[in-house]
Amino acid sequence: MSDETIVVGAEGDGISDAVENAGPNGGDGIIDLVENASPCLSANDADTDDDGIIDGNEDANHDGIVDPDETDPCDIDTDGDGIQDETEE
């Protein structure tokens, strides 16, 4: 076993370039591989929850996981306050 650090992907982000460059991506910036693995995202719909915000803008790092600083591309009202995400932007 080696003590070398393995860097995956040109950016060193752990996501292989082959995966990052897999296309097409439906125009939202999220690759189809990620969208197809999601229970709600659609590779054929750039705004899955129809809240007026493109999925790739809601999932800023395009990893299919809703991070604290992101809105949920699968939920028209991420914070559940009754106001659609687009209205709150």
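Above: the structure in question.
The following refers to the structure shown. (Residues numbered from 1 in each chain as written. Predicted model: local features only at pLDDT ≥ 70, side-chain atom pairs only at ≥ 80, totals over all residues. Heavy atoms only, no water.)

### Details of the overall build of the chain
In terms of helices and strands, the chain carries four helices and zero strands. What you see in the chain, going N to C, is helices and strands ordered as α-α-α-α. Looking at the chain as a whole, 26% of its 89 residues are labelled buried. Restricting to contacts in the chain with at least 6 residues of sequence separation, those with at least 24 account for 30%. Put simply, the chain shows about 5700 Å² of open surface, and 50% of that area lies on carbon and sulfur atoms. (Helix = DSSP H or I, 4+ residues; strand = E, 2+ residues; numbered from the N terminus. Buried < 20%, exposed > 50% of the residue type's maximum accessible area, 1.4 Å probe, protein only. Contact = heavy atoms within 4.5 Å. Areas by Shrake-Rupley, 256 points an atom, 1.4 Å probe, with all protein chains shown as cover.)

### A look at the state of the cysteines
Per the stated rule, a full pass over the model turns up one disulfide. Bridging Cys40 to Cys74, the disulfide has an S-S length of 1.5 Å. Looking down the S-S bond of the Cys40 and Cys74 bridge, the torsion is 50 degrees, so its handedness is right-handed. In this pair, Cys40 sits in the loop between helix 2 (32-37) and helix 3 (55-58) while Cys74 sits in the loop between helix 3 and helix 4 (85-88), placing the two residues 34 residues apart along the sequence. On the basis of relative accessible area, Cys40 is assigned to the partly exposed category, the value being 31%. (Disulfide = S-S within 2.5 Å.)

### Focus: the environment of Asp72
With respect to the helices, strands and loops of the structure, Asp72 is situated in the loop between helix 3 and helix 4. Taking C-alpha positions, Asp72 is 9.9 Å from Thr48, a pair spaced 24 residues apart along the chain. Ignoring sequence-local partners within four residues, the contact set of Asp72 consists of Asp49, Glu58, Val66, Thr78 and Asp85. Of the polar contacts made by the side chain of Asp72, one reaches the backbone nitrogen of Cys74; its length is 2.8 Å. (Polar contact = N/O pair within 3.5 Å; in protein donor to acceptor, adjacent residues only side chain to side chain.)

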